[in-house]
Amino acid sequence: MKLLQHAIRQSLCALAVVVCFVQAPAAAEDRVSTRGVYYREASTRIVEPMVQVTKTGPHGVDVDATFLLDAVTSASVAAGTTTDAIFTEYRKEAGFGVGYSFNRTRVGGTFRYSKESDYTSRTGGLNLSQGVWGNTGTFGLTLAYANDLIPVVSNGQMKTYFGGVLYTQALSPTWLVQGAYEVLLNEGFLENPYIRVPNKGRESPPRKRLRHAWALRTAKYFPALAAGVQLHYRLYFDQSAFLDKPPEAPAGNLWGILGHTVELRVYKSLGRDFELRLSYRFHKQGKANFWCNTDPTFGGRTDCYSPFDPYYSADVKWGNVGTHMPEVKLTWDLRVFRNVPLLWIFAPGAADLSYARYFQDTRYGDAHLLQVGYTYPL
Amino acid sequence: MAVLFNRLVRWAPVAVAIAMALGLSSCAHPPVAPWQREYLSRRAMSFSDGLEGRFRQHMFSTREGADGGFGTVGGGCGCN
C-alpha cells in the first residue's frame, strides 16, 4: 500500500508539471502521454507511472520531457543472493529533449538521468533526421554516450557508446518499411553487483562488449478491412574480436550471443472509437561463449567454471534464453464523452489498456504485464 | 558463422548508402503523394511505441541479454 501511495504521489506531482504545459496553443504532434505499468513475476513486482510531454514551439523548435518512477519490490531469488529478504527500491528517471526543424531536416539533442540507490545513469545523445524522396522516406542518425555509476562496488563504472542509423520508406499509401542498424560498445562494469557465482563469488564477465542489432519492420494497412498488420524482425549478435584481451583469456569471441526476435501485430478497428491490437513476440538467443550454467535446477552444474577461468557469470540473461509474449491491447478514442459533464475534458484524448503474458524459460519464470495509458493532444 | 557476421558488420554502412542512393537518385516520382497519406497516419502504421515501448525495452534488457535495435540506450540497472 505504501508503495502504491508513493507511486501515486509521484504521478500526481508529475501530472501537475504537465498541466502547466497545457495552456499553450496546439500543434500536430503535441501531446501529453501518461501511463501506468504493473509487472509481476514470481519474485519481482514493478509499479511504474510515467508521463511525457511533447510540444512544438515557434520557429521550428520542439521540446519533450519525460518523467517516470520505478517501484521495484523484489525477493532476493531474482537478485541471485542466498537469503530470502524482500525489499523495495525506487528508481527515478527524467529525460529532456530539444529539436530544431527546418525544411525536411531535424536536429536534436537528448539527455536522460536515472537514479536509484545503487545505480546512477546519465545519457546524452544527438540525433539527425532527414526527409527524402518527396518526404516519403526518412533517414535517421543517432549518436549517444552513457555513463553509469554503481557506487556499491569499488570499480563500478560502465561507459556505453551508441550509434544507430534508421531508414523508413512509404512504398505505397498503405505500406511502410523500415530498416535499422545499431552498434553499441559497453565498457567497464557489466556484471550484476548482487549475483554470486558458486565457488567463485562476484561475477567477472569480460569488461568490453561490442553489440550489433539489425532490425527490419514492415506495416501494411487494409482499408477495406479497417485493419493493419506489422511484422518486425531483429537480428542481434555481439563480438569481442578486435577488443584487447588479457593473455589468460580464451581465444575467439568471448561474448558471441546470437539472438533472433520476431514480432507480429494485428490492428483492427472496432466501430468508430475502438481499436484492438493483438500481438505476439518471440525471442530466442544462444549463450555467451564464456558463460556456463551454474543452476542445477535448470540442468546446470555448480562446478562448471574451473578455478582458472578468468570470466564467469551466473546471470541467466547471458545464457540460452527463449521468451514468448502474447499481448492484447484495446485503445478507446474518448470522443463519446464530449457532451458528458465533467468527463468532456478527456474527450479529445485516447485511453488504452493492455495485458501481456511474458513466458520465460529461465529461472525468473513467467510474468504478467498490465498497462493503462491516456494520451491527450495539446 | 563469426566470419559471416563480421562481414555483415563491415558492409553495413555500404548497404545503408546503397539504399539511400537508390531512394535519392530514383527518377521516378515519390511512391506516395501528400494527399495519399491518410492511412499512413493510423496507429497500425506507426513503428514508435512511445512510453509503452520504453517500459518494454527496459524489461527486455533486464531479462534478455540480446536487447537493442530499437534506438534506446541508458536507463537503470534492472539488477534487483
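Residues numbered from 1 in each chain as written. Chains lettered and ligands numbered in written order. Predicted model: local features only at pLDDT ≥ 70, side-chain atom pairs only at ≥ 80, totals over all residues.

## Some thoughts on the overall build of chain B
Check the secondary structure of chain B and you find two helices and zero strands. A burial count over chain B gives 36% of its 80 residues as buried. (Helix = DSSP H or I, 4+ residues; strand = E, 2+ residues; numbered from the N terminus. Buried ≥ 20, exposed ≤ 12 C-beta atoms within 10 Å, placed from the backbone.)

## Section: the overall build of chain A
What chain A contains, in helices and strands, is two helices and 18 strands. Relative to its 378 residues, chain A shows a buried fraction of 34%. Long-range contacts, defined as pairs at least 24 residues apart, comprise 56% of the intrachain contacts of chain A with a sequence gap of at least 6. (Contact = placed C-beta atoms within 7 Å.)

## Describing the interface of chain A and chain B
Taken residue by residue, the interface counts 84 residues in chain A and 42 residues in chain B. Ranked by residue count, the leading element in the side of chain A that touches chain B is strand 8 (residues 157–172) of chain A, at 10 residues. Considered class by class, the residues forming the side of chain A that touches chain B number 39 nonpolar, 30 polar and 15 charged. (Nonpolar A, V, L, I, M, F, W, Y, C, P; charged D, E, K, R; others polar.)

## Details of the nonpolar core
In globular proteins that are soluble, nonpolar side chains generally tend to be buried together. Within the largest apolar cluster, 21 residues are counted, with the highest numbers of intra-cluster contacts made by Ala180(A), Ile257(A), Ala288(A) and Phe290(A). At the level of secondary structure, the elements contributing two or more residues to this core comprise strand 8, strand 9 (175–188), strand 12 (208–222) and strand 13 (227–239) of chain A. Residues in contact with Ile257(A), not counting those within four places in the same chain, are Phe237(A), Asp238(A), Gln285(A), Gly286(A), Lys287(A), Ala288(A), Trp318(A), Gly65(B) and Ala66(B). Among the nonpolar cores identified, the runner-up in size contains 19 residues, and Tyr39(A), Val51(A), Ala367(A) and Met59(B) belong to it. (Core = buried A, V, L, I, M, F, W, Y, C linked by C-beta atoms within 7 Å.)

## Observations regarding helix 2 (residues 50–63) of chain B
Here helix 2 of chain B is 14 residues long and its end C-alpha atoms lie 20 Å apart, about the 20 Å a rise of 1.5 Å per residue gives. Residues Leu51(B), Arg54(B), Phe55(B), Arg56(B), His58(B), Met59(B), Phe60(B), Thr62(B) and Arg63(B) constitute the buried set of helix 2 of chain B. Of the surrounding elements, those touching the buried residues of helix 2 of chain B are strand 1 (31–41), strand 2 (44–56), strand 17 (350–360) and strand 18 (367–377) of chain A. (Expected span 1.5 Å × (residues − 1).)

## A closer look at the pairing of strand 1 of chain A
Residues and elements named next belong to chain A. The pairing of strand 1 with strand 18 spans 11 bridges and is classified as antiparallel. Residue pairing in the sheet places Ser33 in a bridge with Thr375 of strand 18. Linking strand 1 back to strand 2 in an antiparallel pair, the connection comprises two residues. (Pairing = 2+ DSSP bridges.)

## Quick word on the environment of Phe222(A)
Residue and element names in this part refer to chain A. For Phe222, the location among the structural elements is in strand 12. Residue classification places Phe222 among the partly exposed residues on the basis of 14 C-beta atoms within 10 Å. Note: C-alpha distance between Phe222 and Asp273 (51 residues apart in sequence) is 18 Å. Dropping the residues within four chain positions of it, Phe222 is found in contact with Ala227 and Gly228.

## Considerations on the environment of Tyr221(A)
All names here are of chain A. Tracing the backbone through its elements, the reader meets Tyr221 in strand 12. Taking the C-beta count within 10 Å as the criterion, Tyr221 has 22 such neighbours and is therefore assigned buried. Sequence spacing of Tyr221 and Pro173 is 48 residues, and the spatial spacing of their C-alpha atoms is 8.6 Å.

## Here we look at the pairing of strand 4 (residues 86–102) of chain A
Residues and elements named next belong to chain A. Across 15 bridges, strand 3 (residues 61–75) lies against strand 4 in antiparallel orientation. Across the sheet, Asp64 pairs through a bridge with Gly97, a residue of strand 4. Summarising the sheet, strand 4 and strand 5 (residues 105–116) pair through 11 bridges and their orientation is antiparallel. Note that in strand 5 the partner of Gly95 across the bridge is Arg112. A loop of two residues connects strand 4 with strand 5, the two strands running antiparallel in sequence, and Asn103 in this loop sits at a positive phi of about 50°.

## Notes on the environment of Tyr113(A)
Residue and element names in this part refer to chain A. Looking at where Tyr113 falls in the secondary structure, it is placed in strand 5. Tyr113 sits in the partly exposed class, given 15 other C-beta atoms within 10 Å. Residues Tyr113 and Thr123, 10 residues apart in the sequence, show an inter-C-alpha distance of 6.5 Å. Every residue in contact with Tyr113, bar those within four places of it in the chain, is listed here: Glu93, Ala94 and Arg122.

## Examining the confidence of the model for chain B
Across chain B, the average pLDDT comes to 76, with 54% of residues at 70 or higher. The ipTM value of the predicted complex is 0.88, and its pTM value is 0.87. (pLDDT = per-residue confidence, 0-100.)

## Some words on unusual backbone geometry
All names here are of chain A. If you check the backbone angles, His59 has positive phi at about 60° while not being a glycine. For His59, the location among the structural elements is in the loop between strand 2 and strand 3. Judged by local crowding, His59 falls into the exposed class, with 7 C-beta atoms found within 10 Å.

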